[in-house]
Amino acid sequence: MADAPVLLAAEELTVRFGGHVAVSEIDLQVRAGTVTGLIGPNGAGKTTTFNALCGLQNVSRGKVTLDGRDISSLSPHKRARLGLGRTFQRLETFSLLTVRENILAGAEFRQRKAGGRRGATAIADELIERLGLGDVADDRVDGLPTGRARLVEVGRALANGPRVLLLDEPSSGLNEAETGEFAVVLHQLTTDGLAVLLVEHDMSLVMSACQHIDVLDFGRIIASGDPATIQADEAVRAAYLGDQDEPAPNTPAGSATASIGTAGGGGELTEPEHEELVEAAIPVLEVRDLSAGYGDFDVIDGISFEIPAGEVFALLGPNGAGKTTTLQVIAGLLPASSGTVAVCGRGILGADADALARAGICMVPEGRGVFPNLSVAENLWMATHTGTRRHDVEEIAYQRFPRLGERRGQTAGTLSGGEQQMLAMARAMSTDPALLILDELSMGLAPIVVHELYERVAEIASTGISILVVEQFAHEVLGVADMAAIMLHGRIAKVGPPTEIAAELETAYLSGAMAPS
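Only a predicted model underlies this, so the values are computations on that prediction, with no experimental measurement involved.

**Let's talk about the sheet that holds strand β15 (residues 346–347)**
Here comes step 1: The strand order across the open sheet built from four strands is β12-β11-β14-β15, with neighbouring strands paired in antiparallel fashion. Because the sheet does not close on itself, it has two edges, and the strands there are β12 (297–307) and β15.

Put into C-alpha cells, the structure is as follows:
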C-alpha cells in the first residue's frame, strides 16, 4: 500500500514542555486503506505525538496535514469535522445509554454535517451489523464486557464518517481472544479506504494488524517499516530490552536482616529468624493464583511466583502485560479479586499500604518517587517513621550513594533523573526492608544512567536483600537477577533462570507471544 494516498501526515513535529523536548522533528505518514502503528517503550513520546495530531497538544514547530491541508492551528473539534476521528485509552462511552444510542450520537452529528443526505438510524444500523453488535444493540453499555464496549466506542467514532481514525491503546482491558477479534475488525475497516493510526502496547495486535510501523524512543523516530523489518531492527530491540552487550554485574547474594509484620501489625524477624527462613526454604514473597484489575478490567489472571530469601526476581514483559498492577497489589495499593500474597510466610492481602511499608515492604514507584520541593536530606528524613534516627538514615544513604552526600542540601526536584532514582532507593533502603520493590527505574533515563543505577542495585543485592523488580531494560536487570519471569496478557508465561528468559525476550516483547517450544 506504499502507493496509497497519504491522508494524515506530520512534518518535523516538535513538542516542548519548558526546556524539555518531548517530541523532536517527527515525520509520520498514515495512508488510506492501511493500519499504521506508532509504538515505543514507556516515556517515548507516543501520547504526546497522538495529542499533537488531534489538536489537544500545541506544537513548538512543524505541522500536521490532513489530506494535504495544514490543520496545525485548528482546534480538536474542527479537525474532527474535517474527518479526523479518535478513541481514548480509557474507555469513553455513554455508559447509561444503549449500544444503538451511543452510535446514534455520532451518526446524528454526521447527518447534520452532511445536510441530512443519509439518515442517522441507517448509519447506526449499518455499523452495528458491521461490528457484530446486533445481539447487544439495545443493551446498556455499562453491562457489556470490555471488548464489546471497545467496539461501541469505535462504532461511535466511525459514525461521524472519519477519513482517518486514531486509536489510543484500544486493547486496554481486552483478553487475548478479544484482541484477536479486534485485529480482524481493523482489517475490515480499512477495506473501504479508512486510514488508521494505532498507538498500542500490545505487540500481538500491532504485528497482526499493521502494515506499517513507526517506532519512537526518547521523542524521535528510530525505525520505520513493516512488522518483519521492525522485529529485526537492532535499534528497536535495544529500545525495548536495553543493551545486551553490557549487562549489570551479577553479584552473589549475601545475608541480611529482614523485618515484616502481620497484616494486623506484629513482630519482627531478626537475623537468626531470617537465617531460619533460608534453611527452611520459606520464601520472602509468595504469590499464588493472584488476580486483580480496575473496575470491570481484569488485568492479571491467576499469576503465581515466589522469591526466596536474599534473591532478586525480575518480572518482565511488554507494556500492558500487568507487571505494575502486580506490584501494586503486593504493596497494598490495589485490592486483589482472588488469590494470596504472603511475605515471610504471613498473608498480607487486606493490609493497608502504610502498614506494609512500616512492616518492611518498600516500593520505589514508576517515575520519580521523591518529594521535589524538599532537599535531599529532608527526603531521607521521611524514612525516620520506623524509628531510625536522622543521622543514621543519612549515614546509610550517603555510604551507599556518595553522590547524594555531595547534594544533601540541594532541592530534590533539581537533581538529574538518575540522582532522583538513587534518592528514592536510598530512602527505601534506610528502613532495612524485608522486600524491596523497584518499578521501572529506567523510566525516561539514558542507557548509561540506567547501567549505573543497576550497578547500585547489584550492590544492594549483594547484601542479601530480597528484591522484586519490574524493568523495561530487561538485559540490565537480568544481569543482577537470580530468577525471572515473562508476563503476557496478565499471565505468567514462563519462569526460569536469566539465561533461559533472555532467550525468549525478543519474541515476547516484539510479537506479544512466546516462541513455540
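**Description of the packing of helix α16 (residues 417–429) against helix α17 (residues 447–462)**
Here comes step 1: Closest axis-to-axis distance for the α16/α17 pair is 10 Å, and the angle between their directions is 15°. The orientation of α16 relative to α17 falls into the category roughly parallel. You can see that α16 and α17 cross each other, and the crossing is right-handed. Residue-level contacts link Gly-418, Gln-421, Met-422, Met-425 and Met-429 of α16 to Val-449, Glu-452, Leu-453, Arg-456, Val-457 and Ile-460 of α17.
Here comes step 2: Across the contact of α16 with α17, the residue classes tally to seven nonpolar, two polar and two charged.

**Focus: the sheet that holds strand β8 (residues 195–199)**
Hydrogen bonds between backbone atoms are what pair the strands of a sheet, whose relative direction is either parallel or antiparallel.
Here comes step 1: Overall, mixed pairing links the six strands, which are arranged β6-β7-β8-β3-β9-β10 in an open sheet. Edge positions in the sheet fall to β6 (84–86) and β10 (220–225), since each has one partner strand and no second. Across the sheet, the mean angle separating the axes of adjacent strands is 20° when strand polarity is ignored.
Here comes step 2: Lying on the sheet, helix α6 (residues 176–190) is in contact with β3 (35–39), β7 (164–168) and β8; it crosses β8 at an angle near 150°.
Here comes step 3: Sitting on the sheet, helix α9 (residues 234–241) is in contact with β3, β9 (212–217) and β10, with an inclination near 130° to β10.

**Some words on the pattern of salt bridges**
Here comes step 1: Inspection of every chain in the model, using the stated rule, returns 21 salt bridges.
Here comes step 2: We note a salt bridge from Asp-142 to Arg-140, for which the minimum N-O separation is 2.5 Å.
Here comes step 3: Among the ionic pairs, Arg-237 bridges to Glu-234, the shortest N-O distance being 3.1 Å. Taken together, the residues Arg-237 and Glu-234, both in helix α9 and three residues apart, mark about one turn of the helix.
Here comes step 4: Judged by its relative accessible area of 52%, Glu-234 falls in the exposed class.
Here comes step 5: A single salt-bridge network, built from bridges that share partners, covers Arg-403, Glu-406, Arg-407, Glu-419 and Glu-452.

**Describing the environment of Arg-148**
Here comes step 1: Along the chain, the position of Arg-148 falls in helix α5 (residues 146–159).
Here comes step 2: Arg-148 sits in the partly exposed class, given a relative accessible area of 22%.
Here comes step 3: Each C-alpha atom, one on Arg-148 and one on Val-99, is 9.5 Å from the other, the two residues being 49 residues apart in sequence.
Here comes step 4: Residues in contact with Arg-148, not counting those within four places in the same chain, are Gly-132, Leu-133, Asp-135 and Val-136.

**Quick word on the nonpolar core**
Here comes step 1: Core analysis: the largest hydrophobic core is formed by 100 residues, its most contacted members being Leu-186, Leu-436 and Ile-467.
Here comes step 2: For Leu-436, the residues in contact, after removing those within four places along its chain, are Cys-362, Val-364, Ala-428, Met-429, Ile-460, Ile-465, Ser-466, Ile-467 and Leu-468.
Here comes step 3: Leu-285, Val-287, Ala-292 and Leu-315 belong to the second-largest nonpolar core, a separate cluster that totals 30 residues.

**As for the side chain of Ser-466**
Here comes step 1: With respect to the helices and strands, Ser-466 occurs in strand β18 (residues 466–470).
Here comes step 2: Taking the relative accessible area as the measure of exposure, Ser-466 reaches 2% and is therefore buried.
Here comes step 3: If we ignore the near neighbours within four places in the chain, the residues touching Ser-466 are Val-284, Ile-307, Pro-308, Ala-309, Gly-310, Glu-311, Ala-434, Leu-435 and Leu-436.

**A short note on the packing of aromatic side chains**
To describe a pair of aromatic rings, one takes the distance between the centres and the angle between the planes.
Here comes step 1: Throughout the structure, instances matching the rule amount to one aromatic pair.
Here comes step 2: Ring centres of Phe-305 and Phe-313 lie 4.9 Å apart, and the angle between their planes is 15°; on these two criteria the pair is classed as stacked.
Here comes step 3: Its relative accessible area of 4% is what places Phe-305 among the buried residues.
Here comes step 4: A relative accessible area of 3% means that Phe-313 is categorised as buried.
Here comes step 5: Lying across the ring of Phe-94, Arg-156 places its NZ or CZ 5.0 Å from the centre.
Here comes step 6: Of note, Arg-390 hangs over the ring of Trp-381, and the distance from its end group to the ring centre comes to 4.0 Å.

**Observations concerning unusual backbone geometry**
A negative phi angle is the norm for most residues apart from glycine, just as the trans form is the norm for most peptide bonds.
Here comes step 1: Unusually for a residue other than glycine, Glu-12 sits at a positive phi of about 50°.
Here comes step 2: As for its position among the elements, Glu-12 is in strand β1 (residues 6–17).

**Focus: helix α19 (residues 498–511)**
Here comes step 1: In this model α19 runs 20 Å from its N-terminal to its C-terminal C-alpha over 14 residues, within 8% of the 20 Å that 1.5 Å per residue would give.
Here comes step 2: By the largest-angle criterion, Glu-504 marks the main kink of α19, which is about 45°.
Here comes step 3: When we look at burial in α19, the residues that qualify are Pro-498, Ile-501, Glu-504, Leu-505, Ala-508, Tyr-509, Leu-510 and Ser-511.

**Focus: the side chain of Glu-440**
Here comes step 1: Relative to the assigned elements, Glu-440 resides in the loop between β17 (435–439) and α17.
Here comes step 2: The buried charged residue Glu-440 lacks any salt bridge partner; its closest oppositely charged side chain belongs to Lys-323, at an N-O distance of 4.7 Å.
Here comes step 3: Excluding residues within four positions of it along the chain, Glu-440 makes contact with Asn-42, Lys-323, Glu-366, Gln-421, Val-470, Glu-471 and Gln-472.

**Looking at the environment of Glu-181**
Here comes step 1: If you trace the backbone, Glu-181 turns up in helix α6.
Here comes step 2: Note on Glu-181: relative accessible area 54%, which makes it exposed.

**Focus on helix α1 (residues 46–54)**
Here comes step 1: The element α1 is extensively covered by neighbouring structure, given that eight of its nine residues are classed as buried.
Here comes step 2: Within α1, the full set of buried residues consists of Lys-46, Thr-48, Thr-49, Phe-50, Asn-51, Ala-52, Leu-53 and Cys-54.

**Considerations on the confidence of the model for the protein**
Here comes step 1: For the protein, mean pLDDT is 84; residues scoring 70 or higher make up 89% of the total.
Here comes step 2: Of all helices and strands in the protein, the one with the weakest mean pLDDT is helix α10 (residues 271–280) (46), whereas strand β5 (residues 69–70) scores best (96).
Here comes step 3: Below pLDDT 50 for its whole length, residues 246–274 participates in 71 contacts with residues either more than four positions away or in separate chains.

**Details of the pairing of strand β4 (residues 61–66)**
Here comes step 1: Two elements, β1 and β4, share five bridges in a ladder whose sense is antiparallel. Bridged to Glu-11 within β4 is Lys-63.
Here comes step 2: Of the pairings in the sheet, the one linking β4 to β5 comprises two bridges and is antiparallel in character. Looking at β5, one finds that Thr-65 is bridged to Asp-70.
Here comes step 3: In sequence, β4 turns back onto β5 through a hairpin of two residues, with Asp-67 there showing a positive phi of about 55°.

Conventions used here
Numbers given for residues are sequential positions, taken from 1 along each chain in its written order. Selection of residues for local features in this predicted model requires a pLDDT of at least 70, selection of side-chain atom pairs for listing and counting requires 80 or more, and totals for whole chains, interfaces and linings are taken over all residues. Hydrogen atoms and water are omitted, and side-chain values are computed over all heavy atoms in the structure. Pairing between strands is defined by DSSP: at least two bridges between the two strands are required. Where helices and strands are cited, they refer to DSSP runs of H or I of at least four residues and of E of at least two residues respectively, numbered from the N terminus. To obtain an axis, a line is fitted to C-alpha atoms, over the contacting stretch when the element is a helix, and the angle between two such axes runs from 0 to 180 degrees between their N-to-C directions. What sets the label is the angle itself: under 35 degrees gives roughly parallel, over 145 gives roughly antiparallel, 65 to 115 gives roughly perpendicular, and the rest give oblique. Crossing handedness: left-handed means the near helix sits turned counterclockwise from the far one by under a right angle, and right-handed means the same turn made clockwise. The contact definition used throughout considers only heavy atoms, calling two residues in contact when any of these lie within 4.5 Å. Three residue categories are used. Nonpolar comprises Ala, Val, Leu, Ile, Met, Phe, Trp, Tyr, Cys and Pro, charged comprises Asp, Glu, Lys and Arg, and polar comprises the others, including Gly. The salt bridge definition used is simple: a Lys or Arg side-chain nitrogen within 4 Å of an Asp or Glu carboxyl oxygen. Using a 1.4 Å probe on the protein chains alone, a residue whose accessible area is under 20% of its type maximum counts as buried, one over 50% counts as exposed, and one in between counts as partly exposed. Note on terminology: a nonpolar core comprises buried Ala, Val, Leu, Ile, Met, Phe, Trp, Tyr and Cys residues joined through side-chain atoms within 4.5 Å. The criterion for an aromatic pair is that two Phe, Tyr or Trp rings (for Trp, the six-membered ring) have centres within 6.5 Å, with stacked assigned to planes under 30 degrees apart, edge-to-face to planes over 60 apart and tilted to the rest. Look at NZ for Lys and CZ for Arg. If either is within 6 Å of the ring centre and within 35 degrees of the ring normal, a charge sits over the ring. One less than the residue count of a helix, multiplied by 1.5 Å, gives the span that helix is expected to have. Given a residue, its bend is the angle between the two axes fitted to the seven residues that end at it and to the seven that start from it. When charges are counted, neither His nor the chain ends are considered; positive counts come from Lys and Arg and negative counts from Asp and Glu. A score from 0 to 100, pLDDT tells how confident the predictor is in each residue.

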